Structures are given as C-alpha cells and as structure tokens.
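# Topology and contacts: notes
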Amino acid sequence: MSEHSDAPLDKLWREYGEVFAAFDDLTLARWMAQTLGQLQGRVWRSSHPLVGAYRLAAQVAHDRQIWHKRLATAPRDYPEAACCRAPLLPLITRDVPEQGLICQHCNATAIAFDDIPVDVQKMLRNWAAKYAPIHQVAHWDDRQQKRAGNYDRALEDAASEAERLLAAAGNKLGPALLEFYPAVLWEDQDECLDVRPEDIPL
Ligand SMILES: [Zn+2]
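Residues numbered from 1 in each chain as written. Predicted model: local features only at pLDDT ≥ 70, side-chain atom pairs only at ≥ 80, totals over all residues. Heavy atoms only, no water.

Moving on: unusual backbone geometry. Although it is not a glycine, R85 adopts a positive phi angle of roughly 70°. By the secondary structure assignment, R85 is in the loop between α3 (49-63) and β2 (90-92). With phi around 65°, N107 is a residue other than glycine that occupies positive phi space. Within the secondary structure, N107 sits in the loop between β3 (101-103) and β4 (109-111). For N107, a relative accessible area of 39% puts it in the partly exposed group. (Helix = DSSP H or I, 4+ residues; strand = E, 2+ residues; numbered from the N terminus. Buried < 20%, exposed > 50% of the residue type's maximum accessible area, 1.4 Å probe, protein only.)

Here you go:
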C-alpha cells in the first residue's frame, strides 16, 4: 500500500490514519508501546484490525521520528530494526527472497534475507519458489494466456493454490520465525490473483 497512491482503498486508510495524526508525540509513543505488548508472542495476519491500526500509527510515528525521541519504551523483547531503529516487527511477503522481511514503520527491509536464521531461510526460499510461478499466472502475456486454453480456469486454479500457500505462510513460516522474533506478520492476500484475507482460512 503506497503512501501517496490515490487508489480508493489507500485514501480510505489515510482517512483512518487521521486519528493518529491528531495524537501528540507522547500519546502516540505510549499507544504504540502498549500495542506492541499486545502483539508480542503471536503470528498475525497483516489484515488483522489491530495490526492495521498499528501500521497506521507506525507510519505517522515514522514521519515524526517518534522512536528517536525515546518518549516511551517498547517491550524489551523487541530489538531495534536496522532500517529505521523502530521496534522490529517483521512482515513476510511473497518477495521475501529478494526483499527480506519488511518493516511496518518505514516499509524498507527490516531483516535482509541472508540475516534470517538459515533453517528458516530454507523454508522461506522453498515456499517463495512455489509461490512465484503461481502468482505469475496473473501476469501472463497474451501468448501464455492462449497457450493455457482456458485462462479463466488457470487463474482460478492459481488463486486456489495461492490460498493454500498463503495459509502455509500463516501456519508454518510465521511460527518458525516467531522462534526468533517477538511478533511476526504475514501478508494474507494476493491482490493480483484477487485472493482476499477471508479466502484464506487457517
Ligand atoms: Zn524500518
């Protein structure tokens, strides 16, 4: 979700985020520190409302450099993320082999792929290698679509497979990473294949 996009959904999220823009720095820092405590120790869907609220707060906090001001202390199990020194709250996405785990505060790489514990790297690489060709079906060119015969059917099959693989991100990859990080988020949707969070039961 880009900050400056005019897509209707992004506009709606910016409207939601106004509540945090109205917080003063201290209130915002305390709200985030308390919410990090509630997020701790679990794997979360990125679509979870608590995570969504935290992400909005985190973006406002990043703009105001809240964590540099040391107004509130995050729960001590959260190390500083290397990207922006906010508490480490990593997100698993389908691009994990290239982009690593993503920071909820600055949207940059919070943990480079090579810095993820090796055993989990393997799981992530295998998972992403299965996911990439499935996702790619949404981006097939005319020639590839024709070769498939029934492209709608191919898209439906790809979406079903994506649902299964995304559920595995929530059931297997997230818990494996939770051994090493205080809380873990996973992206529970694929906008290109039209897979929504509610399509992915755990
Ligand atoms: Zn960051």
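Considering all chains together, one arrives at five aromatic pairs under this definition. Seen in terms of ring centroids, W13 and Y16 are 5.2 Å apart; in terms of plane orientation they differ by 80°. Their pairing is edge-to-face. Taken as a pair, W13 and Y16 lie in helix α1 (residues 8-21) at a separation of three residues, close to a single helical turn. On the basis of relative accessibility, which here comes to 23%, the residue W13 falls in the partly exposed class. Members of the aromatic cluster, joined through ring pairs, are F20, F23 and W31. (Phe/Tyr/Trp six-rings, centres within 6.5 Å; stacked < 30°, edge-to-face > 60°.)

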